[in-house]
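Descriptive structure summary
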Amino acid sequence: MTPENTDTDVLVIGAGGAGMRGAIAAAQAGRRVTVVCKSLLGKAHTVMAEGGAAAALANVAGLDSWEAHFADTMKGGKLINNWRMAELHAKESPERILELERWGAVFDRTEDGLIHQRPFGAHTYPRLAHIGDRTGLELIRSLQDALVHTPGVEVHMEVTVVRLLLAAGRVVGALAYARADGRQIVYSARAVLLATGGAGRIYRVTSNSWECTGDGTMLAYEAGARLRDCEMVQFHPTGMVWPPGVRGILVTEGVRGEGGVLRNKDGERFMERYDHERMELSSRDVVARAINSEVAAGRGSPHGGAFLDITHRSPDFIKRKLPSMYEQFLKLAKVDITKEPMEVAPTIHYYMGGVDVEAETGATTVPGLYAAGEVASGLHGANRLGGNSLSDLLVFGKRAGDAAAEFAGRQGKPRRIDKAQVEAATEFLMAPLTRPHGESPYKLQSELQEVCTQHAPIIRDEPSLREGLEKVLALKERAAEMGTGGATTRAFNPGWHSALDLHSMLINAEALFRSAIERKESRGAHARSDFPKLDPKWAQLNLMVQKGKNGEMTVTATENQPIPYELTEVITQSFQKYTPEEHE
Amino acid sequence: MAVSTPSRNVVLMSVFRGDADGGELVNYRVPIREGMVVLDAVLWVQANMAPDLAVRWNCKAAKCGSCSAEINGFPRLMCKSPVAEYGEEFTVRPMRTFPIIRDLVTDVSWNYEVNKKIPPFTPSAEDAADPEPWRMQQEDVDRITEFRKCIECFLCQDVCHVLRNHDRKDAFFGPRFMIRTASLEMHPKDALDRRPLMKGEGGVGMCNITKCCTEVCPEHIHITDNAIIPLKERVADLYFDPLRAIGRRLRGKK
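Everything quoted here is computed from the prediction, not taken from an experiment. (Residues numbered from 1 in each chain as written. Chains lettered and ligands numbered in written order. Predicted model: local features only at pLDDT ≥ 70, side-chain atom pairs only at ≥ 80, totals over all residues. Heavy atoms only, no water.)

1. Comments concerning the sheet that holds strand S1 (residues 10-19) of chain B
Residues and elements named next belong to chain B. The five strands lie next to each other as S2-S1-S5-S3-S4, forming an open sheet whose pairing is mixed. Two strands bound the open sheet, and with one partner strand each, they are strand S2 (22-31) and strand S4 (74-77). Averaged over all neighbouring strand pairs, the angle between strand axes comes to 30 degrees, with direction disregarded. Two elements, S1 and strand S5 (residues 89-93), share four bridges in a ladder whose sense is parallel. Looking at the pairing, Ser14 lines up with Thr91 of S5. Strands S1, S2, strand S3 (68-71) and S5 of the sheet are contacted by helix H1 (residues 38-48), whose axis makes an angle of about 100 degrees with S2. (Pairing = 2+ DSSP bridges. Helix = DSSP H or I, 4+ residues; strand = E, 2+ residues; numbered from the N terminus. Axes fitted to C-alpha atoms, helices over the stretch in contact; angles between N-to-C directions. Contact = heavy atoms within 4.5 Å.)

2. Here's the deal with the side chain of Asp133 of chain A
Residue and element names in this part refer to chain A. As for its placement among the helices and strands, Asp133 is situated in the loop between strand S5 (128-129) and helix H4 (135-148). The side chain of Asp133 sits in the buried core without any salt bridge; Arg134 is the nearest counter-charge, 6.4 Å away. Reaching out from Asp133, the side chain makes a polar contact with the side chain of Ser324 at a distance of 2.7 Å. With near-sequence residues (within four places) excluded, Asp133 lies in contact with Glu50, Thr252, Lys321, Leu322, Pro323, Ser324 and Met325. (Buried < 20%, exposed > 50% of the residue type's maximum accessible area, 1.4 Å probe, protein only. Lys, Arg positive; Asp, Glu negative; His and termini not counted. Salt bridge = Lys/Arg side-chain N within 4 Å of Asp/Glu carboxyl O. Polar contact = N/O pair within 3.5 Å; in protein donor to acceptor, adjacent residues only side chain to side chain.)

3. Some words on unusual backbone geometry
Of note, the bond from Trp242 of chain A into Pro243 of chain A is cis; its omega dihedral lies within 30 degrees of zero at -5 degrees. Secondary-structure assignment places Pro243 of chain A in the loop between strand S11 (233-240) and helix H6 (254-257). Within the chain, Glu152 of chain B stands out as a residue other than glycine whose phi angle is a positive 55 degrees. Structurally, Glu152 of chain B can be placed in the loop between helix H4 (138-148) and helix H5 (155-159). Using a relative accessible area of 2% as the deciding quantity, one classes Glu152 of chain B as buried.

4. Considerations on the layout of surface pockets
Empty space left among the atoms is revealed by rolling a probe the size of a water molecule over them. What the largest pocket holds in volume is close to 1300 Å³. As for the largest pocket, its lining consists of 49 residues, and the residues nearest its centre are Arg201 and Gln449 of chain A together with Asp40, Leu43 and Trp57 of chain B. Mapped by element, the contributors of at least two residues to the lining of the largest pocket are helix H13 (441-455) and helix H15 (494-518) of chain A together with H1 of chain B. In terms of residue count, the dominant contributor to the lining of the largest pocket is H1 of chain B (six residues). Tallied by class, residues from the lining of the largest pocket come to 19 nonpolar, 17 polar and 13 charged. Size it by volume and the second largest pocket reaches roughly 800 Å³. What lines the second largest pocket is a set of 39 residues, among which Leu79, Asn81, Ala539, Asn560 and Ile563 of chain A lie closest to the centre. Secondary-structure elements contributing two or more residues to the lining of the second largest pocket are helix H2 (66-76), helix H3 (83-102), strand S20 (541-547), strand S21 (553-559) and helix H16 (565-578) of chain A. When residues in the lining of the second largest pocket are grouped by element, the largest group, four residues, is from H16 of chain A. (1 Å grid on protein atoms, 1.4 Å probe; cavity = no way out; pocket = protein on both sides within 12 Å on 5 of 7 lines; lining within 4 Å. Points joined across faces, edges and corners; volume = space filled by probe spheres on them. Nonpolar A, V, L, I, M, F, W, Y, C, P; charged D, E, K, R; others polar.)

5. With respect to the confidence of the model for chain B
For chain B, the average pLDDT comes to 93, and 96% of its residues sit at 70 or higher. Of the regions scoring below 50 in pLDDT, residues 1-7 of chain B engages in 11 contacts with residues more than four places distant in sequence or in other chains. (pLDDT = per-residue confidence, 0-100.)

6. Description of the interface of chain A and chain B
Contacts between the two partners involve 66 residues from chain A and, on the opposite side, 64 residues from chain B. Taking both partners together, chain A and chain B bury about 5300 Å²; carbon and sulfur atoms supply 55% of that area. Three residues, Lys43, Arg102 and Phe492 of chain A, lead the burial of chain A against chain B; their summed loss comes to 13% of the area buried on that side. On the surface where chain A and chain B come into contact, there are seven salt bridges. A salt bridge links Lys331 of chain A to Glu85 of chain B; the nearest nitrogen and oxygen atoms lie 3.5 Å apart. (Buried area = accessible area lost by both parts, 1.4 Å probe.)

7. What about the environment of Asn508 of chain A?
All names here are of chain A. Among the secondary structure elements, Asn508 is positioned in helix H15. Excluding anything up to four places from it in sequence, Asn508 contacts Ala199, Thr213, Gly214, Thr217, Met218 and Tyr351. Here Thr217 takes part through its side chain, which lies 3.4 Å from a polar atom of the side chain of Asn508.

8. As for helix H8 (residues 284-296) of chain A
Residue and element names in this part refer to chain A. The end-to-end C-alpha distance of H8, which contains 13 residues, comes to 18 Å, matching closely the 18 Å that a straight helix rising 1.5 Å per residue would cover. Along H8, the residues that are buried comprise Arg284, Asp285, Val286, Val287, Ala288, Ala290, Ile291 and Glu294. Taken together, the buried residues of H8 touch S11, H6, strand S12 (261-263), helix H7 (271-274), strand S13 (306-309) and strand S14 (342-351). (Expected span 1.5 Å × (residues − 1).)

Structural data, given as structure tokens:
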């Protein structure tokens, strides 16, 4: 079958918040834009975001400011964030939220009729613009409707990109396949924007949808781009635990934002002992570790978690502010959250690590390649604050879309697509179909999830991490001979799709283990029992992952850009004012 | 807390396997565990018995609306349908209203084409030019919040007899897009009039209020009562008000 060829100015891979916002920006700049997404449009993982979008609008707390938001983000990220991204994010989030409202998005209101803002973990002020507990859906739908009515945008649904194509060191296209019929598509493009999200599926218990297999990280890595902070994977403190069929499904931080309290099996409000000041609204890494410690000490709930209780609020309030949580527990766990506590435990939620980008533009280290959203790294440092992801998508989706459009505009005729690269990529794509009875991708995927769950948990240590890395490398070897589970059809064949996804997952897992071994300290989401303390030396360092000359994965510690004096002052003042005990 | 059930139970799940050229129900015996939903059972079959069993799913948390199917003939989200509700045997088929691609996957692209025909949110020139942040009241927002809960699972489209039994996709946008239109028409800041579209191509008149769509909505949106009927009334106001009709005739408009 000869591949289909299609030409565009800006190819956007992924149609979550960042991809759609980027596509709109690039199209508004006059470029032809093609958006490809693995699922149907509007189904991206962004829909699952519940709590809200953080932006210092200061509608609820007049004292809020971009400086306060910046300081919270840097403190939450334990100072290894790309400070410039944190600054831009804090300054531009309000504008992006108000813009979205002008595109038809609807948020809950204050009494004065402005956008209401709810309190959230580690945000000094109530800061999250929200609509009930389905803010991600609102964001997706508003962007989706704006996108399909933006001239110059084409959307190719259910298409998976397997390799980027390069010419003279720059990205000039991609090889993809359509899931429905397996036909190959060669995209030629003047710039490519990655917006593929995270890789939460490498763990067994995760809030992430099937799509989160780290494809963008893999594509960037294979194209020679640099990855950053891959050891930083966020456990959301509250996922469902019971019954087993629903384990991992997210319980929004909004429950705690609206006053929910955490208790252990003895009824003790244990956050008192872990963060006396912020209690349940401490940062996610702290709350997740606290629940983990309670369970380890034998004070867990019956199914190995903690109780999250909001029953002191009125049923009406709960149903209005947390409608999907009410529905989710009633339907899936037969628990009425207006009457009983929820049982919760940490679940893999977010990738702080990913493709290293330039703050202003989202440019990766490979010319013509841009990244935004969860696939990009830097804004969140060692731990992301709740609500910062939705505003991240808008701020950096737009910036990367603008920059990709600008870059595309500077290119002349499209570069010739190198046949040899297309052939090599095609071979990689078709390989599982040529040996259908090779090892089952479902089995390998399940084993990989077990390895990550067991060897890169909330509290890590070197021997276990090393064992995990060895196991990942062994899986990588077996994956080279992997089949489809038996079928050779190209028409919507999930065995084949899973085999291809697994390659992305393995690269993400390898980067995670290699980086986690190197960072010999505990910082944010990366906690080591053999190095239990923050090490000031490591505050200056980010771990960068790149493909070496012989195809091996390399990890290098790089000194981060020093924070300018005036921004350091902002952070210092914030530490003094609110959380002195954290400053160690 | 959930009541515990024996863990070694097995159910017989019959799944449609096939494509546009035909197909049949294939039986699978699936071990169930507590809290298992139909999507879990389908994914178990995929991982253990039929690796090429085609199914769409994303979030497994009833938030994305991807895993729509007909369980025992009833349109449902598979991720929100506990196996325990179906006893020892049940069937899973793809949505019938849309062309089949393979197994449980159907071609729902028609819906995306319809969506493009609905003019997007358009504020008044005055509001658009207002440099200050907009103010809206919570009660005005509340009115459309219900419609904006829609996760586009297209189960309402699947069950709508205008589309399902009469295949009048040429004459009616379907319940999903009545909701979409209502959410725009009732948006406190929207200034566009979509009533002519609703009377014409949108075909709001095609709906005869059997409320099947409301019944299957996993988000419990009152599609008929709160979206379709008010849209019908608005269209009637514009086109069938006797005084306006005389006025139109006098002005020589249709």
